[in-house]
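Remarks on the overall topology
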Amino acid sequence: MAWFAESLVPEYRASREFVLGRVHTAVSLVSRMPRLLSLMHEGKVEYYAASRVVEVTGVLSDSQAREVDALLVDKLSSAAETMWLPHNLVRAVRRLVDKVDPAGRVERARKANEGRKVTLEHGENCQSRLVTTMRSEVAAGCYARVDSLARQRKRDGHKRSYDQLRADVVADLLLGNDPGAKTPEVAAVVYVHMPVDTALSISETGAELDGYGPIPGAIGREIATNPKSMWRKVFCDPATGDPVDLGRSRYRPTATLREAIRVRDRECVIPWCHRPARHCDTDHEREWARDNGPTSLANLTARCRRHHRMKNTPGWTTTHNPARGTTTVTTPLGATHTGRRTPILAPRSKPPSPPEPEPDPPPF
């Protein structure tokens, strides 16, 4: 199912997780909850509600899921209209899951806890969300401490709102700063690409935050002028906008080469993958052992771990053109997709040729 979902990502024009969720929901409805699927065909249940039901019943065996399917449809046949609302429908399904498998409640909670994680969701206007999934009592305890620290700062006379203070406290705790004492400052490693004219306030365009995208020039300068920020010069080819050298501020050339790949590619080279290059593997396009591929800037690319492993999977074909910065992928479904690397700086167009002088008029 994973390779099928991966093949559909560029066709569906959505993330792998979104497509994988759609495929999983479709398979579950057909094989485990056919009566709920019939209600969808009749227009009584829409996709979002059905997907939530599939999510709640995902911990059950196939036979148990079909039992919940039958109980749910019977319950809905005489239920009030409000029962069909997604939130109420999911609450009813949770009760049915506990009824069908009462002994599995503890095991379901333990299994769910194995899926705890932290995700980064980029939003608009240079704002993003850091989402943590964990056990409920742990999350409640974390929020209580954050709220207590924020309220203490409020009593100390800070003018920021409680929401702002709570957000600042979380950032400070993670960054190792004094919680909520001032607006958080980043001490971790992030990449900001900024042309020199933007850094000097001559221009307000061209600044980009690695993994996020374009940011206002003023925001880029705020990050750059932070006393904890580290500058590094990157020499770019004016014709292509690609980096050709990082300067010599590091001793080991292998580390410098890896960083050059990350600065140049910025993301995984697979056309539909936007995993930041700093979280990717440095991959030999021509295999080092099999094809005698060199460890060079021309033969190395950033490739996320999933697509690195997928590279040699039967049915997948990948070709990379280092000169053009293009990667072409053919999926097991036979579809071909080509992505082009985005240069750090906009390439300079060649200046127009001066017009040829008009010939002198013939003498009389």
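Look up a bit, the structure's there.
First things first, this report covers the structure right here in the doc. (Residues numbered from 1 in each chain as written. Predicted model: local features only at pLDDT ≥ 70, side-chain atom pairs only at ≥ 80, totals over all residues. Heavy atoms only, no water.)

1. Looking at the overall build of the chain
In terms of helices and strands, the chain carries 13 helices and twelve strands. Per-residue burial for the chain yields a buried fraction of 33% across its 364 residues. Of the contacts formed within the chain by residues at least 6 apart in sequence, a portion of 44% connects residues at least 24 apart. Counting every atom, the chain has about 23,400 Å² of accessible surface; 55% of that belongs to carbon and sulfur. (Helix = DSSP H or I, 4+ residues; strand = E, 2+ residues; numbered from the N terminus. Buried < 20%, exposed > 50% of the residue type's maximum accessible area, 1.4 Å probe, protein only. Contact = heavy atoms within 4.5 Å. Areas by Shrake-Rupley, 256 points an atom, 1.4 Å probe, with all protein chains shown as cover.)

2. Quick notes on the packing of aromatic side chains
A complete count under the given rule lists two aromatic pairs for this structure. The interplanar angle of 50° and the centroid separation of 6.1 Å between the aromatic rings of Tyr12 and Phe18 together place this pair among those described as tilted. The class of Tyr12 is partly exposed, set by a relative accessible area of 43%. What makes Phe18 partly exposed here is its relative accessible area of 40%. A centroid spacing of 6.5 Å and a plane angle of 45° characterise the contact between Trp272 and Trp316, whose relative ring orientation is tilted. Here Trp272, found in the loop between α12 (253–265) and β8 (281–284), pairs with Trp316, found in the loop between α13 (305–310) and β10 (317–321); they are 44 residues apart in sequence, far enough to count as distant. The residues Trp272 and Trp316 share a single accessibility class, namely buried. (Phe/Tyr/Trp six-rings, centres within 6.5 Å; stacked < 30°, edge-to-face > 60°.)

3. Examining the state of the cysteines
Following the criterion strictly, the structure yields zero disulfides and no others. Cysteine Cys268 remains unbridged, with the sulfur of Cys273 as its closest cysteine sulfur at 3.9 Å. (Disulfide = S-S within 2.5 Å.)

4. A look at a positive patch on the surface
On the surface, Lys75, Arg91, Arg94, Arg95 and Lys99 cluster together to form a positively charged patch. Top element by residues in the positive patch is helix α6 (residues 86–100). It accounts for four residues. Within the element layout of this structure, Lys75 appears in helix α5 (residues 62–77). (Patch = residues over 30% accessible without salt bridge, like charges linked within 9 Å, V, L, I, M, F, W, Y side chains within 5 Å. Salt bridge = Lys/Arg side-chain N within 4 Å of Asp/Glu carboxyl O. Lys, Arg positive; Asp, Glu negative; His and termini not counted. Charge placed at Lys NZ, Arg CZ, Asp CG, Glu CD.)

5. Digging into the nonpolar core
Of all hydrophobic cores here, the largest spans 23 residues; its most connected members are Leu29, Leu36, Val45, Val53, Val68, Leu72 and Val93. Those elements giving two or more residues to this core turn out to be α3 (34–41), α4 (47–57), α5 and α6. Top contributing element to this core by residue count: α6, with six residues. Setting aside anything within four residues of it in sequence, one finds Val93 in contact with Val53, Val56, Thr57, Val68 and Leu72. Among the nonpolar cores identified, the runner-up in size contains 17 residues, and Ala5, Ile261, Ala302 and Val329 belong to it. (Core = buried A, V, L, I, M, F, W, Y, C linked by side-chain atoms within 4.5 Å.)

6. Digging into the pattern of salt bridges
Counted under the stated rule, the structure contains 25 salt bridges. For Asp98, the salt bridge identified is with Arg108, shortest N-O distance 2.7 Å. Separated by ten residues along the polypeptide, Asp98 in helix α6 and Arg108 in helix α7 (residues 105–113) bring together distant segments of the chain. Looking at Asp98, the relative accessible area reads 27%, which means it is partly exposed. Of the residues examined, Arg108 reaches a relative accessible area of 14% and is grouped as buried. A salt bridge links Arg153 to Asp156, with the nearest nitrogen and oxygen atoms 3.8 Å apart. Taken together, the shared-partner salt bridges in this structure form one network comprising Asp283, Glu285, Glu287, Arg303 and Lys311.

7. Examining the side chain of Arg160
Tracing the sequence through the fold places Arg160 in the loop between α8 (136–155) and α9 (162–175). Polar contacts involving the side chain of Arg160 include one to the side chain of His158, which spans 3.1 Å. Residue contacts for Arg160: discarding those within four places in its chain leaves Lys154, Leu165, Asp168, Gly180, Ala181, Lys182 and Thr183. (Polar contact = N/O pair within 3.5 Å; in protein donor to acceptor, adjacent residues only side chain to side chain.)

8. Section: the sheet that holds strand β11 (residues 326–330)
Across the sheet, which stays open at both edges, the three strands sit in the order β10-β11-β12 with antiparallel pairing between neighbours. On the outer flanks of this sheet lie β10 and β12 (336–340), each paired with one strand and no other. Across this sheet, the average inter-strand angle for adjacent strands is 15°, counted without regard to direction. Of the strand pairs in this sheet, β10 and β11 are connected by five bridges, and their pairing is antiparallel. Looking at the pairing, Thr318 lines up with Val329 of β11. (Pairing = 2+ DSSP bridges. Axes fitted to C-alpha atoms, helices over the stretch in contact; angles between N-to-C directions.)

Purely spatial values, then, with no claim about function.
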